[in-house]
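# Summary of structural features
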Amino acid sequence: MNTSIAPGKTTEQSVDALLKTIRIPPRPSLLADVQQEMASQDPSPRRLAKIIANDVALAGSLMKLTNSSFFGLRLKATSVDHAVDLLGLSQCGLLMTGIIARQAVVVQGRSLVKFWDFSSKRAQAMAYLASRIRVCPADVAHTFGLFCDIGVPLMLERFPDYSMTLASANKEFVKRFTDVEDERHACNHAAIGTLMARTWGLPEHVSTGILLHHDYAVLEDISTPEIVRSLIALALVSEYGIQKYHGQELSAEWEKGGELACGFLGLAMDEAADKFDELHEIFNTAA
């Protein structure tokens, strides 16, 4: 059954009612514990390791990632405590957020492997670019990269025909991506993603960036916080870098906002090409 709402027939009340039918996963208690420890005045590697070790699946995932080629560490982690020491508190906290998100966000009958692969690459790319261009903290960029499109699986779960909407939106060179979604479903993945980000206690500038990340006009709007614009610009550069890595040269989103993103970041187009090459080296190393 098609559960979309016909364009032009929505009201604020009907949209609110529709939003209530979309399942926003509650923030897992484990994530709340990790966030609380990371936000404390004196975060402790031992306390963080204890939180992680209390969940066998989480501990196993951390060990597997720590010892993977993704990090290329000289030493292999032999325990959760050792993994936290090898990675460091900040990196470990970021990894936990990603692992917990994968466990909490599922769509029955659909594989999200490609979705999480792209999200992980975007998070990695954004953190790298943020550390080089220095427009925002790398850990904030990583969090944004991971959760930027988190509304997509929630829309897939709610609307049986959302895959067709995604295909149309990805080919749209004029309209905003979210406008295509709104016309078909009276809501969009950016709005849903923002609701989840706030439910999960992510930073306000991250949730605001999620809401606006397909509205490239904000890159020239000085009333929008600079860190929000930085996240949007970094995300677009990172996404195009990932697409080029997979052999996709033409991107509707890059055509709509690439020049604005590079302008905001102070990158000439040849400098952007150099950044893409650097990202591709990182992806090859982690493969």
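Residues numbered from 1 in each chain as written. Predicted model: local features only at pLDDT ≥ 70, side-chain atom pairs only at ≥ 80, totals over all residues. Heavy atoms only, no water.

## Here we look at the environment of Asp42
When you line up the elements, Asp42 lands in the loop between helix 2 (29-39) and helix 3 (45-53). For Asp42, a relative accessible area of 58% corresponds to the exposed category. (Helix = DSSP H or I, 4+ residues; strand = E, 2+ residues; numbered from the N terminus. Buried < 20%, exposed > 50% of the residue type's maximum accessible area, 1.4 Å probe, protein only.)

## Thoughts on helix 5 (residues 80-87)
Taken as a whole, helix 5 has its buried residues at Val80, Ala83, Val84 and Leu87. With its buried residues spanning 100 degrees around the axis, helix 5 presents them on a single face. Buried-residue contacts for helix 5 involve helix 3, helix 4 (56-66) and helix 6 (89-104). (Arc of directions from axis to C-beta. Contact = heavy atoms within 4.5 Å.)

## Describing the confidence of the model for the protein
For residues with low pLDDT, the predicted coordinates do not support detailed interpretation. The predicted model of the protein averages 89 in pLDDT, with 92% of residues at 70 or higher. Segment residues 1-10: pLDDT under 50, and 18 contacts once partners within four positions in sequence are set aside and those in other chains are kept. (pLDDT = per-residue confidence, 0-100.)

## Considerations on helix 12 (residues 189-199)
Buried within helix 12 are the following residues: His189, Ala190, Ile192, Gly193, Thr194, Met196 and Ala197. The backbone nitrogen of Ala190 has a side-chain oxygen 3.0 Å away, supplied by the residue at the start of helix 12, namely Asn188. Two residues or fewer past helix 12, Gly201 is found with a positive phi of approximately 75 degrees. (Polar contact = N/O pair within 3.5 Å; in protein donor to acceptor, adjacent residues only side chain to side chain.)

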